[in-house]
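# Remarks on the overall topology
One letter stands for each residue in the lines below.
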Amino acid sequence: ASPEDRKGGHFLLKVDIEGGEYPLMIEAHESGVLCEYVKMGNGADLIVEFHSQRVTGRHDLGNKVKEARKGLEECGVTFRQLGAHWG
């Protein structure tokens, strides 16, 4: 497809994968795929439900995810965050 044919799209992803959101966010940033998609003239929105370590088990991915989110936002990816509340 020509560059003109590849722009004007929109990617929307809702993520609720019980702790898998942490490595997914890191991979989304490191791969550069979403940033390239936006650079081609498209939109990208991520709706992410982040789960607490009570659900995911102990991990130290919080800072890496913050860096990944910042990098994705800087290239034009939009975020909406959902809270995971367990009674």
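Refer to the preceding data block for the structure.
Residues numbered from 1 in each chain as written. Predicted model: local features only at pLDDT ≥ 70, side-chain atom pairs only at ≥ 80, totals over all residues. Heavy atoms only, no water.

Tallied over the full model, the rule gives two aromatic pairs. Where Phe-11 meets Tyr-37, the ring centres are 6.4 Å apart and the plane angle is 75°; that geometry is what we call edge-to-face. Residue Phe-11 is located in strand 1 (residues 10–15), and its partner Tyr-37 is located in helix 2 (residues 33–39); the two are separated by 26 residues in the primary sequence. Residue class for Phe-11 comes out partly exposed when judged on its relative accessible area of 31%. On the basis of relative accessibility, which here comes to 23%, the residue Tyr-37 falls in the partly exposed class. (Phe/Tyr/Trp six-rings, centres within 6.5 Å; stacked < 30°, edge-to-face > 60°. Helix = DSSP H or I, 4+ residues; strand = E, 2+ residues; numbered from the N terminus. Buried < 20%, exposed > 50% of the residue type's maximum accessible area, 1.4 Å probe, protein only.)

Our next topic: helix 1 (residues 21–31). Residue pairs spaced three or four apart in an α-helix point in one direction, given the helix's 3.6 residues per turn. Taken together, the buried positions of helix 1 are occupied by Glu-21, Tyr-22, Met-25, Ile-26 and Ala-28. Summarising the axial view, the buried residues of helix 1 lie within an arc of 160°, below the 170-degree limit, and thus occupy one face. The positive-phi residue at the C-terminal boundary of helix 1 is Gly-32, with phi of around 80°. (Arc of directions from axis to C-beta.)

Going through the model one piece at a time under the given rule, you end up with one disulfide. Each sulfur in the disulfide pair Cys-35 and Cys-75 lies 2.1 Å from the other. Here the disulfide of Cys-35 and Cys-75 is left-handed, its torsion about the S-S bond being about -80°. Residue Cys-35 is located in helix 2, and its partner Cys-75 is located in the loop between helix 4 (62–74) and strand 3 (78–83); the two are separated by 40 residues in the primary sequence. An identical accessibility class is assigned to Cys-35 and Cys-75; each is buried. (Disulfide = S-S within 2.5 Å.)

Positionally, Asn-42 belongs in the loop between helix 2 and strand 2 (43–50). By relative accessible area, which is 8% here, Asn-42 ends up buried. Within polar-contact distance, the side chain of Asn-42 engages the backbone oxygen of Tyr-37 at 2.9 Å. In this view, Asn-42 contacts Arg-6, Lys-7, Gly-8, Gly-9 and Tyr-37; residues no more than four positions away in its chain are not counted. (Polar contact = N/O pair within 3.5 Å; in protein donor to acceptor, adjacent residues only side chain to side chain. Contact = heavy atoms within 4.5 Å.)

On to the sheet that holds strand 1. Within the open sheet, the three strands sit side by side as 1-2-3. Their pairing is parallel. Both outer strands of the open sheet, strand 1 and strand 3, are each paired with one neighbouring strand and no more. Across the sheet, the axes of successive neighbouring strands diverge by a mean angle of 10°, strand direction being ignored. In this structure, strand 2 lies alongside strand 3, joined through six bridges in parallel fashion. Its bridge partner lying in strand 3, Phe-50 is registered against Gly-83. With respect to the sheet, helix 1 is in contact with strand 1, strand 2 and strand 3, its orientation differing from that of strand 2 by roughly 155°. (Pairing = 2+ DSSP bridges. Axes fitted to C-alpha atoms, helices over the stretch in contact; angles between N-to-C directions.)

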